Amino acid sequence: MAEITAGMVKELREKTDAPMMECKKALTEAGGDIAKAEEILRVKLGNKASKAAARVTAEGVVGMKLSADGKVGAIVEINCETDFVAKNDDFLALSAKLAGLVAEQAPADVAALSALTIDGQPVEAVRTALIGKIGENLSIRRFQRIEATGRLASYVHGGARIGVLVDLVGGDEQLARDLAMHIAASKPKSLDASGVPAELLEAERRIAIEKARESGKPEAMLAKIADGTVQKYLKDVTLLGQVFVKAEDGKQTVEQLLAARGASVASFVLYVVGEGIEKKSGDFAAEVAAQAAAAAAGR
């Protein structure tokens, strides 16, 4: 039997936000496989075990730049250690300049971007100097450049913590902005089902089957139940399948909206600051001791 260490329990707890003892039980059942243990917790606890995305805590901003004709756009995420620095004028200015460099010079990756110059100074030198001035570590995390099929629209929300670029073919500026706001609010993973990784769909299918099995559903019904669950999941995570946030009837999907307006979305980019980055947790040993004491007191 694989040894279940406190570090493994801590990692699973950070991924799922599930109770510590449930994490330990799931790891034991999974033979120490954290990915399998996460699935076990989702079967047992449902959405309570899928909070990692909502627990985004790294600080920073999203910078964006659009060309005057709306044909070229860039989006950049830069990170810092505290929310206070994320509001610093020099930090915000750097994010805007980096987005401009990406739009104008199309660097291949972060290393190439860092080698470009701002006011005659390499980006890396500018970043290092700002670290010395502010007293916090700063990093360029990611960026993307889009050459539009139609015309680009942008939207920034939450103090530049969420940024969206959407390439709309047809329609008008108001529709493009509404779609960008929808993307920021609903956070689709892809445009349509073809963009959803197969492993995510397979995981949803496995989880649905196990949940149905545990609830006593007949084996002959499990595949059909899983199919229904996957289809619902696709509606939730694809832009075209989602119900439009401003739909007056509360039912019109984005796909239906676009069809009614004779428009289509060629692509979109959504950045949420710190997405996928876990903030340093508190004192795990103290948490374990507190929970053990509470359990002892309840006996």
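One can find the structure itself at the top, above this paragraph.
Residues numbered from 1 in each chain as written. Predicted model: local features only at pLDDT ≥ 70, side-chain atom pairs only at ≥ 80, totals over all residues. Heavy atoms only, no water.

### Some words on the pairing of strand 1 (residues 59–66)
Stage number 1. Along strand 1, six of the eight residues are buried, which leaves the element largely enclosed by surrounding structure.
Stage number 2. Remark: five residues form the turn of the hairpin made by strand 1 and strand 2 (residues 72–80), two consecutive strands paired antiparallel; Gly70 in that turn has positive phi of roughly 70°. (Buried < 20%, exposed > 50% of the residue type's maximum accessible area, 1.4 Å probe, protein only. Helix = DSSP H or I, 4+ residues; strand = E, 2+ residues; numbered from the N terminus. Pairing = 2+ DSSP bridges.)

### Some words on helix 7 (residues 123–134)
Stage number 1. Taking 1.5 Å of rise per residue, 12 residues should cover 16 Å, and helix 7 covers 16 Å from first to last C-alpha, within 8% of that figure.
Stage number 2. Of the residues making up helix 7, those classed as buried are Val123, Arg127 and Leu130. Looking straight down helix 7, one finds that the buried residues subtend no more than 65° of arc, so they occupy a single side. Away from its buried face, by an angle of more than 90 degrees, helix 7 presents the exposed residues Ala129 and Gly132.
Stage number 3. Those residues of helix 7 hidden inside the fold are in contact with helix 5 (89–105), helix 6 (110–115), strand 3 (117–118), strand 4 (121–122) and strand 5 (139–147). (Expected span 1.5 Å × (residues − 1). Arc of directions from axis to C-beta. Contact = heavy atoms within 4.5 Å.)

### Looking at the sheet that holds strand 8 (residues 264–272)
Stage number 1. With respect to topology, three strands assemble into an open sheet ordered 6-7-8, the strand pairing being antiparallel. Each edge of the sheet is formed by a strand with only one pairing partner; in this case those strands are strand 6 (151–157) and strand 8. Taking each pair of neighbouring strands and ignoring which way they run, the sheet shows an average axis angle of 15°.
Stage number 2. Bridging between strand 7 (residues 162–169) and strand 8 involves eight bridges; their strand directions are antiparallel. Its bridge partner lying in strand 8, Leu165 is registered against Val269.
Stage number 3. Each of strand 6, strand 7 and strand 8 touches helix 8 (residues 173–186); the most contacted strand, strand 7, lies at about 140° to it. (Axes fitted to C-alpha atoms, helices over the stretch in contact; angles between N-to-C directions.)

### Quick word on the packing of helix 2 (residues 20–29) against helix 3 (residues 34–45)
Stage number 1. Where helix 2 meets helix 3, the axes come as close as 8 Å, and the angle between the chain directions of the two elements is 120°. When the axes of helix 2 and helix 3 are compared, the pair comes out oblique. The handedness of the crossing between helix 2 and helix 3 is right-handed. For the pair helix 2 and helix 3, contact is made by Glu22, Cys23, Ala26, Leu27 and Glu29 and by Ile34, Ala37, Ile40, Leu41 and Lys44, respectively.
Stage number 2. A class-by-class count of the residues in the contact of helix 2 with helix 3 yields seven nonpolar, no polar and three charged. (Parallel < 35°, antiparallel > 145°, perpendicular 65-115°, else oblique. Left-handed = near helix turned anticlockwise from the far one by under 90°. Nonpolar A, V, L, I, M, F, W, Y, C, P; charged D, E, K, R; others polar.)

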